[in-house]
Amino acid sequence: VLLWVKKLAEVEGIITPVNVTSIAATGKYLVICEKGNPKAIVLNGTKGDNVGTMDISMMSSAQATVTSDDKGNLLLASRFHNGSGVTEDLHFYKASGVNETFTHWFTTPAASLSLYRAGRHTSVNGDINGNAIISTPQLEANVKGVYWEVKDGEIAEPVKFDTKRFSNWQRAGDIIFE
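All values derive from a computational prediction rather than experimental measurement.

Engineer: Would you mind showing me how to read the overall build of the chain here?
Structural biologist: On a plain count of helices and strands, the chain comes out with 1 helix and 13 strands. Secondary structure elements in the chain, listed N-terminal to C-terminal, are β-β-β-β-β-β-β-β-α-β-β-β-β-β. For the chain, buried positions account for 47% of its 178 residues. Put simply, of all contacts in the chain between residues at least 6 apart along the chain, 40% involve residues at least 24 apart. Split by element, the accessible area of the chain, about 9300 Å² in all, is 48% carbon and sulfur.

Now the structure itself:
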């Protein structure tokens, strides 16, 4: 059953539809992040109506991406570029729902990963306040990425991965660890 259809250009609050970086589904809501927009747009997931915004101004122009976990918590990640003379750390913020404020959770220094453009897609399997795995690919021709394990709400050190089983998945998809 089709519930609703709406072009990104029709969503109130979106500045430039082509700059939308991610859409997270959580409970009855969709949360939309857009590069350069200090507010994430919140839509009613069953009707498509704009029901509010979430402040993501702490991300500056970092091209934030948003995802949700199995319990409806939201995870906001910055994208960092470790190349072309630009180095930014990878920052993670979390919120327990669309009516909550994102709070800083952890930062991974770009230099510690030696990854290029990580954070483009971020996925969570599990509960970020309990046990989960957070993963993000690296944007380049070979297939690499990084994941963090969460145990009892505590984040572990990042682990880099490299797989030859997929090609060019980092631009249009992601890997979710189980």
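Engineer: Help me understand the sheet that holds strand S5 (residues 65-68), please; the structure alone is not making it clear to me.
Structural biologist: What links the strands of a sheet is backbone hydrogen bonding, and the strands pair in either a parallel or an antiparallel sense. In space, the 4 strands of this open sheet follow the order S5-S6-S7-S8, with antiparallel pairing throughout. Single-partner strands in this sheet number two, and they are S5 and strand S8 (103-108). Direction aside, neighbouring strands of the sheet carry axes that sit 25° apart on average. With 4 bridges connecting them, S5 and strand S6 (residues 74-77) associate as antiparallel partners. Paired with Thr67 across the two strands is Leu75, which belongs to S6.

Engineer: Looking at this model, I keep getting lost on the packing of aromatic side chains. Mind explaining?
Structural biologist: How two aromatic rings sit relative to each other is given by the distance of their centres and the angle of their planes. Tallied over the full model, the rule gives 4 aromatic pairs. Where Phe92 meets Phe106, the ring centres are 4.5 Å apart and the plane angle is 20°; that geometry is what we call stacked. Highlighted residues: Phe92 in strand S7 (residues 90-95) and Phe106 in strand S8, separated in sequence by 14 residues. Assessed through its relative accessible area of 8%, Phe106 is described here as buried.

Engineer: Please explain the pattern of salt bridges as it appears in this structure.
Structural biologist: All told, the structure shown has 1 salt bridge when counted by the stated rule. Note that Lys151 and Glu149 form a salt bridge whose closest N and O atoms lie 3.3 Å from each other. The exposure class assigned to Lys151 is exposed, which follows from its relative accessible area of 51%.

Engineer: What exactly am I supposed to notice about the environment of Pro17 here?
Structural biologist: One can find Pro17 in the segment before strand S1 (20-26). The sequence separation of Pro17 and Lys7 amounts to 10 residues, and the corresponding C-alpha distance is 8.7 Å. Apart from the residues lying within four places of it in its own chain, the contact partners of Pro17 are Leu8, Ala9 and Glu34.

Engineer: Could you clarify how one ought to interpret the pairing of strand S11 (residues 144-151) in this entry?
Structural biologist: In this structure, strand S10 (residues 132-137) lies alongside S11, joined through 6 bridges in antiparallel fashion. Bridge pairing links Ser135 to Tyr147 in S11. The sheet contact formed by S11 and strand S13 (residues 159-162) spans 4 bridges and is antiparallel. Bridge pairing links Gly145 to Phe161 in S13.

Engineer: Please clarify how the pairing of S10 should be interpreted in this entry.
Structural biologist: On a regular strand, each side chain points to the face opposite its neighbour's, so the side chains alternate between the two faces of the sheet. Burial within S10 is extensive, with 6 of its 6 residues counted as buried. With burial as the criterion, each face of S10 is covered, one bearing Ala132, Ile134 and Thr136 and the other bearing Ile133, Ser135 and Pro137. Connecting the antiparallel pair strand S9 (residues 123-126) and S10 is a turn made up of 5 residues.

Engineer: Sorry if this is basic, but what is going on with unusual backbone geometry here?
Structural biologist: Across residues other than glycine, the phi torsion is negative in most instances, and most of the peptide bonds are trans. Even without glycine at this site, Asp152 takes up a positive phi of about 55°. Locating Asp152 in the fold gives a position in the loop between S11 and strand S12 (154-155).

Engineer: Would you take a moment to explain the nonpolar core for this structure?
Structural biologist: Counting 16 residues, the largest nonpolar core has Val31, Met54, Val66, Leu74, Leu76 and Phe102 as its most contacted members. In this structure Leu76 touches Cys33, Ile56, Met58, Met59, Ala64, Thr65, Val66, His91, Phe92, Tyr93 and Phe102, once residues within four positions along its chain are discounted. Core analysis: the next-biggest nonpolar cluster, separate from the first, contains 13 residues, Leu75, Phe92, Phe106 and Ile128 among them.

Parameters at a glance
- Residues numbered from 1 in each chain as written.
- Predicted model: local features only at pLDDT ≥ 70, side-chain atom pairs only at ≥ 80, totals over all residues.
- Heavy atoms only, no water.
- Helix = DSSP H or I, 4+ residues; strand = E, 2+ residues; numbered from the N terminus.
- Buried < 20%, exposed > 50% of the residue type's maximum accessible area, 1.4 Å probe, protein only.
- Contact = heavy atoms within 4.5 Å.
- Areas by Shrake-Rupley, 256 points an atom, 1.4 Å probe, with all protein chains shown as cover.
- Pairing = 2+ DSSP bridges.
- Axes fitted to C-alpha atoms, helices over the stretch in contact; angles between N-to-C directions.
- Phe/Tyr/Trp six-rings, centres within 6.5 Å; stacked < 30°, edge-to-face > 60°.
- Salt bridge = Lys/Arg side-chain N within 4 Å of Asp/Glu carboxyl O.
- Core = buried A, V, L, I, M, F, W, Y, C linked by side-chain atoms within 4.5 Å.

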